[in-house]
Amino acid sequence: MVKFFIGLDLGQTSDYTAAAVLEQIFPEGEKSEAAYHIRHLERVRGIPYPEVCRKVAEIMQSPALAGNAALVVDQTGVGGPVVDLLRSSGLKLIAVSIHGGDKVTHEGDNFRVPKRDLAAVLQVLFQSTRLKISKKLPLAAVLQAELLNFRVKIDPVTAHDSYSAWREQDHDDLVLAVALAARYGQQP
């Protein structure tokens with residue numbers, strides 16, 4: 001049984017690429033739902049994708065995670081070729097294309113997931129106090145700021161929803177990395 005979930009949000013060259021490692025914890029003696037403790041946050045910018053792949057492989061091979069972690073990668077935008085690169089390096093992963101629709105579909109280890117589902121899993125985990133962010137993590141304050149700036153926008157003409165940072169200069173890379181990991185951890 002996998003105990004750790006790693007979310008990887010791949011950014012364009014000028015954007016951040018972010019990784020989040022979540023540990024899934026089931027309280028002993030209780031029939032309650034899993035909690036998630038964020039154990040590691042990392043983000044980089046301006047690093048070539050082969051180097052990103054090397055860093056991810058390093059994380060996956062760390063003693064605590066080796067054979068005990070699922071890697072969930074955003075393949076939206078630039079992610080497709082990077083997913084291919086990660087797979088060709090021998091990493092097993094779940095690839096997720098984020099879209100604005102309302103249905104989850106998948107073929108093998110390739111998923112199409114609405115952004116609203118990613119936002120919803122975080123909302124449920126926070127409301128039930130099952131997602132824990134240690135203040136000792138160097139990027140904890142950055143993640144908290146991203147969470148506070150992450151908003152739903154409703155188009156007044158179409159009534160379609162979209163999810164992103166409140167202002168364009170704000171980032172949501174850590175939020176998406178955490179959401180990717182948490183959503184996969186929450187799957188039955």
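Below is a short write-up of the structure.

Some details on the nonpolar core
Within soluble globular proteins, side chains that are nonpolar generally end up buried alongside one another. Membership of the largest hydrophobic core comes to 34 residues, with the highest contact counts inside it found for Leu22, Ile38, Leu41 and Val178. No other element matches helix H5 (residues 173–186), which puts 9 residues into this core. Those residues in contact with leucine 22 that sit more than four places away from it in its chain are Lys3, Phe4, Phe5, Tyr36, His37, Ile38, Leu131, Val178, Ala181 and Ala182. The next biggest cluster of nonpolar side chains, apart from the first, holds 24 residues, and it includes Ala19, Ala69, Val78 and Val82.

Section: H5
Quick reminder: α-helices carry 3.6 residues per turn. Residues three or four places apart thus point the same way. The terminal C-alpha atoms of H5, which comprises 14 residues, lie 20 Å apart, in line with the 20 Å expected from a rise of 1.5 Å per residue. Here H5 lies mainly inside the structure; 12 of its 14 residues are buried. Listed in full, the buried residues belonging to H5 are Asp173, Leu174, Val175, Leu176, Ala177, Val178, Ala179, Leu180, Ala181, Ala182, Arg183 and Gly185.

Notes on the sheet that holds strand S8 (residues 131–133)
The 8 strands lie next to each other as S6-S7-S5-S4-S1-S2-S3-S8, forming an open sheet whose pairing is mixed. Each edge of the sheet is formed by a strand with only one pairing partner; in this case those strands are strand S6 (105–107) and S8. Within this sheet the neighbouring strands show an average axis-to-axis angle of 25°, counted without direction. Strands strand S1 (4–9), strand S4 (69–74), strand S5 (93–99) and strand S7 (110–114) of the sheet are contacted by helix H2 (residues 79–88), whose axis makes an angle of about 175° with S5. Docked against the sheet, helix H4 (residues 140–149) engages strand S3 (35–45) and S8, running at close to 95° with respect to S3.

Let's talk about the packing of helix H3 (residues 115–127) against H5
H5 packs onto H3 with a crossing angle of 80° between their chain directions and a minimal axis gap of 9 Å. Here H5 runs roughly perpendicular to H3, going by the angle between their axes. Contact residues: H3 offers Lys115, Asp117, Leu118, Val121, Leu122 and Leu125, while H5 offers Val175, Leu176, Val178, Ala179, Leu180, Ala182, Arg183 and Gln186.

Digging into the environment of valine 142
Looking at the element boundaries, valine 142 is found in helix H4. Valine 142 sits in the partly exposed class, given a relative accessible area of 27%. When the C-alpha positions of valine 142 and histidine 171 are compared, they lie 9.4 Å apart, and in sequence the two are 29 residues distant. Valine 142 has contacts with Arg43 and Leu174, leaving out every residue within four places of it along the chain.

Some details on the pattern of salt bridges
Under the definition given, this model contains 10 salt bridges. Here lysine 55 makes a salt bridge to glutamate 42, at a shortest N to O gap of 3.1 Å. Taken together, the residues lysine 55 in helix H1 (residues 49–60) and glutamate 42 in strand S3 connect sequence positions 13 residues apart. Assessed through its relative accessible area of 24%, lysine 55 is described here as partly exposed. A single salt-bridge network, built from bridges that share partners, covers Lys3, Glu23 and Arg39.

Some remarks on the side chain of aspartate 173
Among the secondary structure elements, aspartate 173 is positioned in helix H5. Taking the relative accessible area as the measure of exposure, aspartate 173 reaches 3% and is therefore buried. Polar side-chain contacts of aspartate 173 include one of 3.4 Å to the side chain of arginine 43. With near-sequence residues (within four places) excluded, aspartate 173 lies in contact with Asp9, Tyr16, Ala18, Arg43 and Glu146.

Observations concerning the packing of H4 against H5
Two elements in contact, H4 and H5, have axes separated by 8 Å at closest approach and are oriented at 90°. Taken together, H4 and H5 sit at an angle that is classed as roughly perpendicular. Two secondary-structure elements touch here, H4 through Val142, Leu143, Glu146 and Leu147 and H5 through Asp173, Leu174, Val175 and Val178. Split by residue class, the contact of H4 with H5 holds 6 nonpolar, no polar and 2 charged.

Basis of the calculations
- The numbers attached to residues start from 1 for each chain and follow its sequence in the written order.
- Per-residue local features of the predicted model are confined to residues with pLDDT of at least 70, and side-chain atom pairs are confined, for both listing and counting, to 80 or more; whole-chain, interface and lining totals are unaffected and use all residues.
- Excluded from the side-chain calculation are hydrogens and water; included are all heavy atoms of the structure.
- As used in this record, nonpolar core signifies buried Ala, Val, Leu, Ile, Met, Phe, Trp, Tyr and Cys residues forming a set joined through side-chain atoms within 4.5 Å.
- Note on exposure labels: buried denotes an accessible area under 20% of the residue type's maximum, exposed denotes more than 50%, and partly exposed covers the range between, all computed with a 1.4 Å probe on protein chains only.
- Think of it this way: any DSSP run of H or I at least four residues long counts as a helix, any run of E at least two long counts as a strand, and we number them from the N terminus.
- Contacts are assigned to residue pairs that have any heavy atoms within 4.5 Å of one another.
- What a helix should span is 1.5 Å times the count of its residues minus one.
- Any two strands with at least two DSSP-identified bridges between them are counted as paired.
- Whenever a helix is involved, its axis is fitted only over the stretch in contact; in every case the axis is a line through C-alpha atoms, and angles between N-to-C directions fall within 0 to 180 degrees.
- Convention used here: angles under 35 degrees read as roughly parallel, angles over 145 as roughly antiparallel, angles from 65 to 115 as roughly perpendicular, and any remaining angle as oblique.
- Salt bridge criterion: a side-chain nitrogen from Lys or Arg within 4 Å of a carboxyl oxygen from Asp or Glu.
- For this analysis, a polar contact is any N or O atom pair within 3.5 Å, provided that within protein one partner can donate a hydrogen and the other can accept it, and provided that sequence-adjacent residues contribute only side-chain to side-chain pairs.
- Residue classes follow a fixed rule: Ala, Val, Leu, Ile, Met, Phe, Trp, Tyr, Cys and Pro count as nonpolar, while Asp, Glu, Lys and Arg count as charged, and any other residue, Gly among them, counts as polar.

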